[in-house]
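This is what each chain is made of:
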Amino acid sequence: EVYSYLCAMVIATTAVAFLVLGLGLAFCGYRFVRASHQSTGSKNNKIGFLLSIFLFTFALHSGVMGFGILLFGDQPVYFHFIVIISSILLTFIGLFGVRMVYYIFYPRNSPYMAMTLTGILGTILAVMAIVMKSQSFVTSYGGFDFNFDPLYSITLFGMLFVDIGAQGYIFTRIFLDEKLNKEVRLLSLIMSGLAATGISNTFIRFVVANY
């Protein structure tokens with residue numbers, strides 16, 4: 001009973017981390033769309049609105065993972081469906097992020113080749129998630145181990161690299177634009193920093209940890 005109680009605490013702590021991340025992303029999305037209204041030009045307002053959707057979608061993914069771990073973290077059979085939903089959401093985020101990069105910075109170039117490659121990667125990820133058997137567990141040192149198949153983990157990192165990389169590229173470029181107001185640039189700096197941290201963390205967790 002004591003072990004089961006401790007496991008529940010670990011799962012809840014891991015879930016809360018995802019939920020807090022989701023709330024933070026949602027808050028940044030809200031602040032970003034408000035700050036963008038202070039910028040001149042209808043395109044800037046539209047970009048701000050699209051970027052807020054981008055962040056809200058990231059927040060949704062974090063929420064799905066948070067509640068998924070909280071409710072089904074100790075039930076691999078049910079958590080498997082959370083992994084599938086997560087893979088589909090990550091694919092959508094990747095496609096949206098690539099489209100945003102082209103829309104904002106390269107409007108004269110076609111995004112379809114990059115989006116097609118992203119879609120292929122996302123499809124592979126989703127199929128692997130469906131086929132893979134989820135075997136998550138609570139480790140002896142008190143951590144939550146997703147215990148993904150190594151090939152899935154590497155593919156997952158590739159998808160996350162596209163998703164988070166698009167975010168990092170967009171917000172770094174926005175931060176470097178001195179024409180924008182201070183609040184937009186500050187939020188962009190925070191988001192680009194989170195993107196760099198996120199890529200490093202996922203690389204260690206899903207690539208380095210498997211070798």
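Along each chain, the written sequence defines residue order, and numbers are assigned to residues from 1. Where totals are concerned, whole chains, interfaces and linings use all residues; where local detail is concerned, this predicted model gives features only for residues with pLDDT of at least 70, and gives and counts side-chain atom pairs only at 80 or more. Note that water and hydrogens are dropped before the side-chain values are worked out from all heavy atoms of the structure.

Participant: Summarise the nonpolar core; cite the residues concerned and give the values.
Facilitator: The term nonpolar core refers to a set of buried residues drawn from Ala, Val, Leu, Ile, Met, Phe, Trp, Tyr and Cys, joined through side-chain atoms within 4.5 Å. Whether a residue is buried, partly exposed or exposed follows from its accessible area with a 1.4 Å probe, protein chains only, as a fraction of its type maximum: under 20%, in between, or over 50%, in that order. With 50 residues, the main nonpolar core has Leu51, Phe146, Phe148, Tyr152, Leu156, Ile170 and Ile174 as its most contacted residues. Helix and strand assignments come from DSSP, with helices taken as H or I runs of at least 4 residues and strands as E runs of at least 2, each series counted from the N terminus. Of all the elements in the fold, those that place two or more residues in this core are α1 (2-36), α2 (42-72), α3 (76-105), α4 (112-131), α5 (150-175) and α6 (182-206). The element that contributes the greatest number of residues to this core is α3, accounting for 12 residues. Contacts between residues were defined by any pair of non-hydrogen atoms, one from each residue, lying within 4.5 Å. When neighbours within four sequence positions are excluded, Tyr152 is seen to be in contact with Val83, Ser87, Leu125, Met128, Ala129 and Met132.

Participant: Explain the packing of aromatic side chains to me, using residue names and the numbers behind them.
Facilitator: Side-chain rings of Phe, Tyr and Trp, where Trp is taken by its six-membered ring, are said to pair if the distance between their centres is within 6.5 Å; with planes under 30 degrees apart they count as stacked, over 60 as edge-to-face, and otherwise as tilted. Taken as a whole, this structure holds 10 aromatic pairs when the rule is applied. Residues Phe148 and Phe206 carry aromatic rings whose centres are separated by 6.2 Å and whose planes lie at 25° to one another, so their mutual orientation is stacked. Taken together, the positions of Phe148 in the loop between β2 (144-145) and α5 and Phe206 in helix α6 put the pair 58 residues apart, joining distant regions of the chain. Looking at Phe148, the relative accessible area reads 11%, which means it is buried.

Participant: Which residues make up α4, and what values do they have?
Facilitator: A helix's residues, less one, multiplied by 1.5 Å, set its expected span. Helix length check: α4 (20 residues) gives 28 Å between terminal C-alpha atoms against 28 Å at 1.5 Å per residue, within 8%. Of all the positions in α4, only Met115, Thr118, Gly119, Gly122, Leu125, Ala126, Met128 and Ala129 are classed as buried. Looking at the buried residues of α4, the elements they touch are α3 and α5.

Participant: Talk me through the side chain of Ser86; I want residue IDs and the actual numbers.
Facilitator: With respect to the helices and strands, Ser86 occurs in helix α3. What makes Ser86 buried here is its relative accessible area of 7%.

Participant: Break down the environment of Leu156 for me, with residues and values.
Facilitator: Turning to its location among the elements, Leu156 is positioned in helix α5. Looking at Leu156, the relative accessible area reads 6%, which means it is buried. Along the backbone, Leu156 and Phe203 are 47 residues apart, and their C-alpha atoms lie at a distance of 9.8 Å. Those residues in contact with Leu156, other than ones at most four positions away along the chain, are Leu90, Leu125, Phe148 and Phe206.

Participant: Describe in detail the confidence of the model for the protein chain, supporting the description with residues and values.
Facilitator: The predicted model of the protein chain averages 83 in pLDDT, with 85% of residues at 70 or higher. The predictor rates its confidence in each residue with pLDDT, a number between 0 and 100. When the elements of the protein chain are averaged for pLDDT, strand β1 (residues 137-138) gives the smallest value, 64, and α4 the largest, 95. Note that pLDDT drops below 50 for residues 1-9; the model gives that stretch two contacts with residues more than four away or on any other chain.

Participant: Can you break down the layout of surface pockets residue by residue, with the values?
Facilitator: Buried and open spaces are told apart on a 1 Å grid over the protein atoms alone, a cavity being a set of points where a 1.4 Å probe fits but cannot get out and a pocket being an open set with protein on both sides within 12 Å along at least five of seven lines. Residues with an atom within 4 Å of a point are the lining residues. Grid points are joined across faces, edges and corners, and a volume is the space filled by probe spheres set on the points. Counted as a void, the largest pocket has a volume near 730 Å³. Around the largest pocket sit 29 residues that line it, and Phe18, Leu21, Ser62, Asn201 and Thr202 are the ones nearest its centre. Of all the secondary-structure elements, those providing two or more residues to the lining of the largest pocket are α1, α2, α3, α5 and α6. Counting residues per element, the lining of the largest pocket draws most heavily on α6, at nine residues. Residues are sorted three ways: Asp, Glu, Lys and Arg are charged, Ala, Val, Leu, Ile, Met, Phe, Trp, Tyr, Cys and Pro are nonpolar, and all the rest, Gly among them, are polar. When grouped by side-chain class, the residues that make up the lining of the largest pocket number 18 nonpolar, 10 polar and one charged.

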